[in-house]
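As a plain string of letters, each chain reads:
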Amino acid sequence: MITVSGISKSFKVAKRSSGVRSAVKSLFRREYTEVAALNEISFHIAPGEIVGYIGPNGAGKSTTIKVMSGILVPDRGTCTIMGYTPWLDRVAYVKNIGVVFGQRSQLWWDVPVIDSFELLRDIYGVQENEYKSNLKLLVETLDLKDIIHTPVRQLSLGQRMRCEIAASLLHSPSILFLDEPTIGLDAISKLAVRQFITTINKEKGVTIILTTHDMNDIEALAQRIILIGKGSLLYDGNLNTLRERFAPSNLVTEAGSSINAPSIDDIIVQMYKEYQIT
Ligand SMILES: Nc1ncnc2c1ncn2[C@@H]1O[C@H](COP(=O)(O)OP(=O)(O)OP(=O)(O)O)[C@@H](O)[C@H]1O
């Protein structure tokens with residue numbers, strides 16, 4: 001369903017020193033540095049999988065999601081998703097995917113949530129019957145009844161996030177990209193979002209790629225994890241295999257004592273150390 005092969009992406013960033021002299025100088029001669037965000041990333045994801053895409057800050061997770069959603073064009077490599085190249089076939093392709101960026105909103109700030117939903121229905125050309133049945137299901141399962149007529153700017157973060165997730169699913173996509181969907185949510189909202197992700201995966205077979213720093217999200221949702229660090233793919237495999245590899249006898253704290261039951265966070269920290277990506 002998703003094949004990413006040898007994707008690399010660099011960003012050109014203007015160098016700026018502080019001070020007026022440097023600012024004036026940069027008007028005439030700007031210097032650039034290159035940030036290698038992705039380096040030869042390859043993986044394959046089958047229909048119906050939930051994959052946790054993890055790595056420390058700046059590892060390249062969002063950049064990968066942006067490439068896979070067609071927002072960014074890579075410098076090298078290929079990406080084929082449901083037969084489409086995301087950045088080439090954008091109009092046809094986006095009907096098959098839903099995207100949630102936890103730190104950005106796809107809803108219109110000043111209008112009631114339902115107006116944003118209706119706008120999205122028109123943009124995606126969703127048939128009325130399909131829209132109505134999807135909306136009913138999403139309102140019920142994400143508990144949106146009391147907030148759907150409220151402007152987005154008046155919603156709490158958790159309420160908005162539930163609306164964002166609903167918005168990404170109104171057109172029945174087969175694939176859902178979730179970039180930090182539980183960031184800033186309280187415990188109850190996190191559980192609700194996790195529960196919902198499990199439901200749409202199990203009942204509708206939606207393939208899910210999830211980036212998060214919350215290892216409880218990973219533990220609750222993903223059997224498979226892909227770990228990247230400094231733009232390179234470091235691990236692709238089963239969460240249980242990792243648990244065995246970092247079994248208590250293999251784990252030692254910095255103070256020298258052994259750790260009894262490593263949490264998923266312990267394991268990830270140990271991996272980051274092993275791969276020298278912290
Ligand atoms: N538009 C951009 N221009 C310049 N550099 C960028 C841009 N977007 C990302 N980068 C750089 O690319 C690298 C990867 O960034 P990315 O946002 O993909 O990381 P991430 O794994 O999602 O991080 P985080 O967990 O902090 O959200 C970082 O060094 C970042 O500074």
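Residues numbered from 1 in each chain as written. Predicted model: local features only at pLDDT ≥ 70, side-chain atom pairs only at ≥ 80, totals over all residues.

> Before we go on, may I ask you to explain the overall build of the protein chain in this structure?
In terms of helices and strands, the protein chain carries 10 helices and 9 strands. Over its C-alpha trace the protein chain gives a radius of gyration of 21 Å, about what one expects of a compact globule, namely 19 Å for 278 residues. For the protein chain, the spread of C-alpha atoms along the principal axes amounts to about 60 × 60 × 40 Å. For the protein chain, the residues scored as buried account for 34% of the 278 residues in total. Considering only contacts within the protein chain whose residues lie at least 6 apart along the sequence, 71% involve residues at least 24 apart. (Helix = DSSP H or I, 4+ residues; strand = E, 2+ residues; numbered from the N terminus. Rg over C-alpha atoms; globule rule 2.2 N^0.38 Å. Buried ≥ 20, exposed ≤ 12 C-beta atoms within 10 Å, placed from the backbone. Contact = placed C-beta atoms within 7 Å.)

> What am I meant to see in helix α5 (residues 128-141) here?
Residues separated by three or four positions in an α-helix point in the same direction, a consequence of the helix having 3.6 residues per turn. Helix length check: α5 (14 residues) gives 20 Å between terminal C-alpha atoms against 20 Å at 1.5 Å per residue, within 8%. Positioned one or two residues after α5, D143 has a phi angle of 55 degrees, which is positive. (Expected span 1.5 Å × (residues − 1).)

> What should I look at first to understand unusual backbone geometry in this one?
With a phi close to 55 degrees, D143 is a non-glycine residue in the positive phi region. Within the secondary structure layout, D143 lies in the loop between α5 and α6 (157-169). Judged by local crowding, D143 falls into the partly exposed class, with 14 C-beta atoms found within 10 Å. Backbone geometry places E180, a non-glycine residue, at a positive phi of 55 degrees. Checked against the element boundaries, E180 lands in the loop between β6 (175-179) and α7 (187-204).

> Explanation requested: the sheet that holds strand β5 (residues 97-101) in the structure shown.
Two strands in a sheet stick together by hydrogen bonds in their backbones, pointing the same way (parallel) or opposite ways (antiparallel). Spatial ordering of the open sheet is given by β5-β6-β7-β3-β8-β9, a layout of 6 strands whose pairing is mixed. The outermost strands of the open sheet, each flanked by one partner alone, are β5 and β9 (232-238). Within this sheet the neighbouring strands show an average axis-to-axis angle of 15 degrees, counted without direction. In the sheet, strand β3 (residues 50-54) pairs with strand β8 (residues 224-229) via 4 bridges, with the strands oriented parallel. Paired with G52 across the bridge in β8 is I225. Those strands touched by α6 are β5 and β6, and its axis lies near 160 degrees from that of β5. (Pairing = 2+ DSSP bridges. Axes fitted to C-alpha atoms, helices over the stretch in contact; angles between N-to-C directions.)

> Which parts of the structure should I look at to understand the sheet that holds strand β4 (residues 76-81)?
Pairing is antiparallel across the open sheet formed by 3 strands, whose spatial order is β2-β1-β4. Each having just a single partner strand, β2 (31-45) and β4 make up the two edges of the open sheet. The mean angle between the axes of side-by-side strands here comes to 30 degrees, regardless of whether they run parallel or antiparallel. Here strand β1 (residues 2-15) pairs with β4 via 5 bridges, running antiparallel. Looking at β4, one finds that V4 is bridged to C79.

> Got a minute to help me understand the site of the ligand in this structure?
Neighbouring the ligand are F11, V13, V35, A37, G55, N57, G58, A59, G60, K61, S62 and T63. Of all elements in the fold, only β1, β2 and α2 (61-68) reach the threshold of two or more residues within the shell around the ligand. In terms of residue count, α2 provides more of the shell around the ligand than any other element does, 3 residues in total. Tallied by class, the residues present in the shell around the ligand amount to 5 nonpolar, 6 polar and 1 charged. (Near = placed C-beta within 6 Å. Nonpolar A, V, L, I, M, F, W, Y, C, P; charged D, E, K, R; others polar.)

> Sorry, what's going on with the environment of R245 here?
Relative to the helices and strands, R245 resides in helix α9 (residues 239-245). Overall, the presence of 14 C-beta atoms within 10 Å leaves R245 in the partly exposed class. Residues R245 and I267, spaced 22 residues apart in sequence, show a C-alpha to C-alpha distance of 9.1 Å.

> Would you take a moment to explain the nonpolar core for this structure?
Note on soluble globular proteins: their nonpolar side chains tend to be buried together. Ranked by internal contacts, the top residues of the largest apolar core, which has 61 residues, are V51, A166, F177, I208 and L210. The element best represented in this core is α6, accounting for 6 residues. In contact with A166, other than residues within four places in its own chain, are L138, L142 and L144. (Core = buried A, V, L, I, M, F, W, Y, C linked by C-beta atoms within 7 Å.)

> When you look at helix α10 (residues 264-274) in this model, what are you seeing that I'm missing?
For α10, the full list of buried residues reads I264, I268 and M271. An end-on view of α10 places all buried positions within 60 degrees of arc, on one side of the element. Its buried side turned inward, α10 meets β3, α8 (215-221), β8 and β9. Following α10 by one or two positions, Q276 has its phi on the positive side, about 55 degrees. (Arc of directions from axis to C-beta.)

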